[in-house]
Each structure stands twice: as structure tokens, then as C-alpha cells.
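# Analysis of the macromolecular model
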Amino acid sequence: MKPGQLISILSLGGLLGLGQVQAKDSDFRQPVTIDAGRQLVELADNKVTFSERVVVKQGSIDVRADELVVIRNEQGLQSMTAKGNPATYRQILNNGKPVQAEAREIHYDMRARTITLIRDAELKQNDNIVTGYRIRYFIDKEQMEAESQGGKDRVTTIFLPEQVQDFDKQDNN
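Predicted model only: the values in this text are computed from it and were never measured. (Residues numbered from 1 in each chain as written. Predicted model: local features only at pLDDT ≥ 70, side-chain atom pairs only at ≥ 80, totals over all residues. Heavy atoms only, no water.)

Further remarks concern the overall build of the protein. Across its full length, the protein carries two helices and 10 strands. Ordering the α and β elements of the protein from the N terminus gives α-β-β-β-β-β-β-β-β-β-β-α. Going through the 173 residues of the protein one by one, you find that 38% of them count as buried. Residue pairs at least 24 apart in sequence account for 41% of intrachain contacts in the protein once pairs closer than 6 positions are excluded. (Helix = DSSP H or I, 4+ residues; strand = E, 2+ residues; numbered from the N terminus. Buried < 20%, exposed > 50% of the residue type's maximum accessible area, 1.4 Å probe, protein only. Contact = heavy atoms within 4.5 Å.)

Tracing the chain through its elements places Ile 71 in strand S4 (residues 61-73). As for Ile 71 and Val 48, which are separated by 23 residues in sequence, their C-alpha atoms are 6.6 Å apart.

Generally speaking, a soluble globular protein has its nonpolar side chains buried in company with each other. If you look at the biggest cluster of nonpolar residues, it comprises 26 residues, and the most contacted ones within it are Leu 68, Ala 82, Tyr 89, Ile 106 and Leu 117. Those elements that place two or more of their residues in this core are strand S3 (47-58), S4, strand S5 (76-92), strand S6 (98-109), strand S7 (114-125) and strand S8 (128-138). With residues near it in sequence (within four places) discarded, Leu 68 still touches Ile 34, Val 48, Thr 49, Phe 50, Val 54, Val 56, Thr 81 and Ala 82. (Core = buried A, V, L, I, M, F, W, Y, C linked by side-chain atoms within 4.5 Å.)

A word on the pairing of S7. A regular strand places its side chains so that they alternate between the two faces of the sheet. Pairing of S6 with S7 involves nine bridges; the strand directions are antiparallel. Its bridge partner lying in S7, Ala 101 is registered against Leu 123. The hairpin formed by S6 and S7 contains four residues between the paired strands, and Arg 113 there has a positive phi angle of roughly 55 degrees. With 10 bridges connecting them, S7 and S8 associate as antiparallel partners. When the bridges of S8 are listed, Leu 123 appears paired with Val 130. (Pairing = 2+ DSSP bridges.)

Glancing now at the pattern of salt bridges. Throughout the structure, instances matching the rule amount to eight salt bridges. The closest approach of N and O atoms between Asp 62 and Arg 64, which form a salt bridge, is 2.8 Å. According to the relative accessible area criterion, Asp 62 is buried, its value standing at 15%. Between Glu 147 and Arg 134 there is a salt bridge; the shortest N-O distance is 3.1 Å. With Glu 147 in strand S9 (residues 143-147) and Arg 134 in strand S8, this residue pair connects regions lying 13 residues apart in the sequence. Look at Glu 147 and you get partly exposed, because its relative accessible area is 23%. Look at the salt bridges and you will find they share partners, linking Arg 134, Arg 136, Glu 145 and Glu 147 into a network. (Salt bridge = Lys/Arg side-chain N within 4 Å of Asp/Glu carboxyl O.)

Looking now at the environment of Val 70. With respect to the secondary-structure elements, Val 70 resides in strand S4. The class of Val 70 is buried, set by a relative accessible area of 11%. In this structure the C-alpha to C-alpha distance between Val 70 and Asn 46, which are 24 residues apart in sequence, comes to 8.4 Å.

Cis geometry marks the peptide bond from Asn 85 to Pro 86; its omega dihedral reads 0 degrees. When you line up the elements, Pro 86 lands in strand S5. One non-glycine residue, Glu 52, lies in the positive phi region at around 70 degrees. In this structure, Glu 52 sits in strand S3.

Dropping the structure here:
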């Protein structure tokens, strides 16, 4: 894995679309450390499974899960899936503010260049919150899509009052 590849892909700062936020540049140059109670390497399947209180760190990025599955092939890393009750993601952005995400499953597909939060998905930046069954971020397109679970729930977004006023000011200019 190239330095910063994990975090540059996992960076969820752009998910909210609530302004210009960027992942902390220095995070990308830091080593990735995975700490777990257990590691299982399945060479035939090109799979490594970390379990028992998994902690992934790179710079200010902190991912916590009950289990992390990493799949790779000859070209390198293909996907990573963090599972937990919930799995969590936290990072300090360039503006010094934290972004946090949690879901039962956080999946990163390197080929499709997508990050998907699945089941009880929640994304927070400041006091702004997006919730839904599934939140997917398309890295190349810089697009976020949130979905409910077929009518059983709804996608909810909460903006702070001062940010709504900021949108009004932009419309008046």
C-alpha cells in the first residue's frame, strides 16, 4: 500500500458537501498502523482479517471496529471492510475540525473508488448530521448519496441555523 492510500481513500470529509473541507494533508504521509487482538492471513484468498478491538491509525485518522477484512490481489489492495456495533471513523480536517462517521459496516472499494457506510449510517461534521441506512461517497465524482431502507426509515440531514443563513447570503450575492 502506498503511503497515505488508506486514508486518502477513507477520508470522509467531503461526504457532507457542507462547504470546503479537506482531509488533513499531513495524515497522508503518515504510516498506517493496525492494532488488533487477532490476525488471520488467508494466503489462498489474498485476505487478511483483523479482529478483537481493531484500531487503525494514520495521523489524525482513527478507525475502530470489531473486525477489519482486507482483500488484495496482484495489483495490490482491492477492498477493506470494517464491521462493528458500530464501526467508527474519525479524522481532523485541514480546518482543524473533526469529521466522524459510524455504521455497522464501513466498506471501501478501491476499484470503484467508493466508500460506503451501511446500516445505521451516520456522518457528522461540527453539529451537522446525515443519517440513513446507506451513505455512499463517490471519490472521483465528489458526490454523496444517502438512502433509506425501502421506506422503513428516512434519510435525515440536520444543518445548524448559522449555516442555513450562510446559504441565504450566498443566494443574495
